[in-house]
Every structure is written in C-alpha cells, then in structure tokens.
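Here are the chains, one letter per residue:
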Amino acid sequence: MLKFAANLSFLYNELPFMERFAAAAKDGFKGVEYLFPYAFSKQEIAAALKDTGLQQVLFNAPPAGHDRGSAQAAWDQGVRGTTCLPGREDEFKRGFMLALEYADTLNCPRIHVMAGLVPEGFRVASHLPVHLATSAAHASTPGPMRDTYLRNLRWAAEQAASVGRDVLIEPINTRDIPHFFLNRQDDAHAIVQEVNMPNLKVQFDLYHCQIVEGDVSMKLRQYLPTGRVGHIQIASVPLRQEPDSGELHYPHLFALLDELGYAGWVGCEYRPRLGAVPGGTTAGL
C-alpha cells in the first residue's frame, strides 16, 4: 500500500508554514516533506512533528549559503543549488553539514541536493529550446561541472552514510527551472552508478519526467528494480495540480508502483487547484 507525504511548501499554502503540519495530520497524512526548513529552528520543527505524530521523510539541502539566513536568501535570489558549480565546493559542503544537523534533529532519513544551474558561459546552442541546449551543454562541456558534481556527491554521500542518511538527486525539467543541470532519468542513474555509493539515490518526480521524457510507466519498470530510486513525487501535467487530471493517469501509475513493490514514500508536490483559500488543499484531496 502506497504511503503519501504532504509537501508543505506546496500544500495548505493558505496557512502559515508551522500550522501546515497539524493540517496535514488532520487530513490523514503520516509523512511530510518540503523544500527547505531553514527559516525555522530545527527544534521548532521537531516539536511540530512530535505534536502531530508526523514523520519527516525528505527536505532539501540549502540551495546555496552556509547558514540559515543565507540559505533562504539564496533561494529567493534564484539560486537552485551549487552541487555542480566549480569554485563553490566549500559553500556546498558547509550547507550540506547544516542539512545533516537538521536531519539529525528531525530524524529525517533522506536529503535532496539540488544540482544547480548551468552558468551562462557553459551554455551552448542558444537557438535551441532550453532543454535541448542544456543537454547539448552536458555533451559538449561536461568536464568541470560534471567532475565537480561527482566529487561533491561522493563527499556528501560519505558524510551522510556515517550517520545513516541517504542523499538524493533529482532530474528537473527546464521549463520550470531553465538551465537546470540534471534533467533526465538516465543521466541521474548513470551518475549514481558512477559515484557508486549505496546511499546515493534518485528522486523520481513523475511530473518532471513526463515533461522532459514521457514514457513514465516504462521508466518506472526500468529503474525501480535497481533499488536506486529513493523517493517518488507526483503532480498532474501540465498544470502541476492534484493528480486527477492531465496527461498522466495516476490510477494506472499507482497500481504499477504497487505491482513493482515500491515501499518508499510518494510526495504530493503539487499546487492545489483552488489555490490559497481556506480548505483548498483538503477539498482537492
């Protein structure tokens, strides 16, 4: 039976963040995830988890910066990770250690590290659509960025393994985040194999996969049996709303996840159709 986690950065957005835990628990969720916890102390979030009986299943390492304030500021300024960026290794490491501190207090088993944006100097074929230009950049100038990405991931996986945590990487479509470094499932799984750390896994967001590649069912059949899919997220395509409309037929996909024996969490990372109105998320459920 599938386990669904509420993404509190997307759901219950009519409420202040710290009130969303109780709302999710009231609706029957047993787990929660969100983008970043750093605007709040880890003790405050831990208390909310304890009060509601919820399990923290996932959050992101800082997109940049190395302390709570700079992490939030980086996201607001459009930074989407430093893992692949040469010259920012120390910043990545300090941010990841902050994430491990939060994971320890929140008893969170997995941390997602965002790859980052391809810098302008590495972008090629500007006449191409963004997703093709990004792929071309990977093919033509993989060296410094890919090498940095691999080194940082190996280091992060080593640190996380010492305290029993998993590190996740996520292919993200370049319509939502132009010039994002990692876009495809095959690229993500190749990187995981190359790093060769058992606690480095792929965060498989079905929404992103459908936009970039499609053929979601066959990709689930291909990659779930490897044991390298550490988390799944869902939303409708193309509007990123409740998974009951659009291009993806979720009754089929949920049945397929059961068939394949997926025992992990399914993160509900979608924007409620009714928006930030009282009861909007609950009505969508």
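These figures come from a predicted structure and were not determined experimentally.

**Points about the sheet that holds strand 5 (residues 166-169)**
Logical step 1: Strand order around the closed barrel formed by eight strands is 1-2-3-4-5-6-7-8, with parallel pairing between neighbours. Across this sheet, the average inter-strand angle for adjacent strands is 30 degrees, counted without regard to direction.
Logical step 2: Where strand 5 and strand 6 (residues 200-205) come together, three bridges link them in parallel fashion. Bridge assignment links I169 to a residue of strand 6, and that residue is V202.
Logical step 3: Across the sheet, helix 4 (residues 89-106) touches strand 3 (55-60), strand 4 (110-112) and strand 5, and the angle it forms with strand 3 is around 170 degrees.

**Topic: the side chain of H189**
Logical step 1: Considering the arrangement of structural elements, one finds H189 in helix 7 (residues 185-195).
Logical step 2: In this view, H189 contacts V202, Y223, T226, R228 and V229; residues no more than four positions away in its chain are not counted.

**With respect to the environment of Q203**
Logical step 1: With respect to the secondary-structure elements, Q203 resides in strand 6.
Logical step 2: Through-space distance from the C-alpha of Q203 to that of P119 is 23 Å; in sequence the pair is 84 residues apart.
Logical step 3: Setting aside residues up to four positions removed in sequence, Q203 forms contacts with L58, H112, L168, I169, E170, P171, H231 and Q233.
Logical step 4: Reaching out from Q203, the side chain makes a polar contact with the side chain of E170 at a distance of 3.2 Å.
Logical step 5: Looking at Q203, its side chain comes within polar contact range of the side chain of Q233, at 3.1 Å.

**With respect to the side chain of R20**
Logical step 1: Examined against the element boundaries, R20 turns out to sit in helix 1 (residues 20-26).
Logical step 2: Here R20 sits buried without a salt bridge, and the closest side chain of opposite charge, E14, lies 6.7 Å off (N-O distance).
Logical step 3: Residue contacts for R20: discarding those within four places in its chain leaves L8, S9, L11, Y12, N13 and L15.

**Some words on unusual backbone geometry**
The general pattern is negative phi for most residues beyond glycine and trans for most peptide bonds.
Logical step 1: Residue P238 follows V237 across a cis peptide bond; omega there is 15 degrees.
Logical step 2: The backbone of Y12 sits at a positive phi, close to 55 degrees, despite the residue not being glycine.
Logical step 3: With respect to the secondary-structure elements, Y12 resides in the loop between strand 1 (3-7) and helix 1.
Logical step 4: Of note in this structure, D215 is not a glycine but carries a positive phi near 55 degrees.
Logical step 5: Checked against the element boundaries, D215 lands in the loop between helix 8 (206-212) and helix 9 (216-223).
Logical step 6: According to the relative accessible area criterion, D215 is partly exposed, its value standing at 48%.

**Notes on the packing of aromatic side chains**
Logical step 1: One pass over the full model with this rule turns up 15 aromatic pairs.
Logical step 2: Judged by centre distance (5.1 Å) and plane angle (80 degrees), the rings of Y38 and Y102 are edge-to-face. Of this pair, Y38 sits in the loop between strand 2 (31-33) and helix 2 (42-52) while Y102 sits in helix 4, and the two are 64 residues apart along the sequence. By the burial criterion, Y38 is buried, and Y102 matches it.

**With respect to the pairing of strand 5**
Logical step 1: Here strand 5 shows no split at all, with D166 and L168 on one side and V167 and I169 on the other all buried.
Logical step 2: Here three bridges tie strand 4 to strand 5, and the two strands are oriented parallel to one another. Bridge pairing links R110 to D166 in strand 5.
Logical step 3: At this point the chain moves from strand 5, through helix 7, to the parallel strand 6, and the crossover so formed is right-handed.

**Regarding the packing of helix 4 against helix 6 (residues 143-161)**
Logical step 1: For the pair helix 4 and helix 6, the least separation of the axes is 11 Å and the interaxial angle reads 30 degrees. As judged from the angle between their axes, helix 4 and helix 6 are roughly parallel. Helix 4 and helix 6 meet at a crossing whose hand is right-handed. Residues E89, F92, K93, F96, M97 and L100 of helix 4 lie in contact with helix 6, whose contacting residues are T148, R151, N152, W155, A156, Q159 and A160.
Logical step 2: Here the residues of the contact of helix 4 with helix 6 sort into seven nonpolar, three polar and three charged.

**Observations regarding the pattern of salt bridges**
Logical step 1: Scanning the entire structure with this criterion turns up 13 salt bridges.
Logical step 2: If you follow the salt bridges from partner to partner, you end up with R184, D186, E213 and K219 in one network.

**Overview of the nonpolar core**
Logical step 1: F21, F59, F96, I169, L206, L220 and I232 are the most contacted members of the largest nonpolar core, which totals 85 residues.
Logical step 2: Not counting residues up to four positions away in its chain, the partners in contact with F21 are L8, V32, Y34, I45, A48, L49, T52, L54 and Q56.
Logical step 3: Within the second largest apolar cluster, five residues are counted, among which are A5, V57, L58 and W265.

Parameters at a glance
- Residues numbered from 1 in each chain as written.
- Predicted model: local features only at pLDDT ≥ 70, side-chain atom pairs only at ≥ 80, totals over all residues.
- Heavy atoms only, no water.
- Pairing = 2+ DSSP bridges.
- Helix = DSSP H or I, 4+ residues; strand = E, 2+ residues; numbered from the N terminus.
- Axes fitted to C-alpha atoms, helices over the stretch in contact; angles between N-to-C directions.
- Contact = heavy atoms within 4.5 Å.
- Polar contact = N/O pair within 3.5 Å; in protein donor to acceptor, adjacent residues only side chain to side chain.
- Buried < 20%, exposed > 50% of the residue type's maximum accessible area, 1.4 Å probe, protein only.
- Lys, Arg positive; Asp, Glu negative; His and termini not counted.
- Salt bridge = Lys/Arg side-chain N within 4 Å of Asp/Glu carboxyl O.
- Phe/Tyr/Trp six-rings, centres within 6.5 Å; stacked < 30°, edge-to-face > 60°.
- Right-handed = clockwise from strand over helix to strand, strands pointing away.
- Parallel < 35°, antiparallel > 145°, perpendicular 65-115°, else oblique.
- Left-handed = near helix turned anticlockwise from the far one by under 90°.
- Nonpolar A, V, L, I, M, F, W, Y, C, P; charged D, E, K, R; others polar.
- Core = buried A, V, L, I, M, F, W, Y, C linked by side-chain atoms within 4.5 Å.

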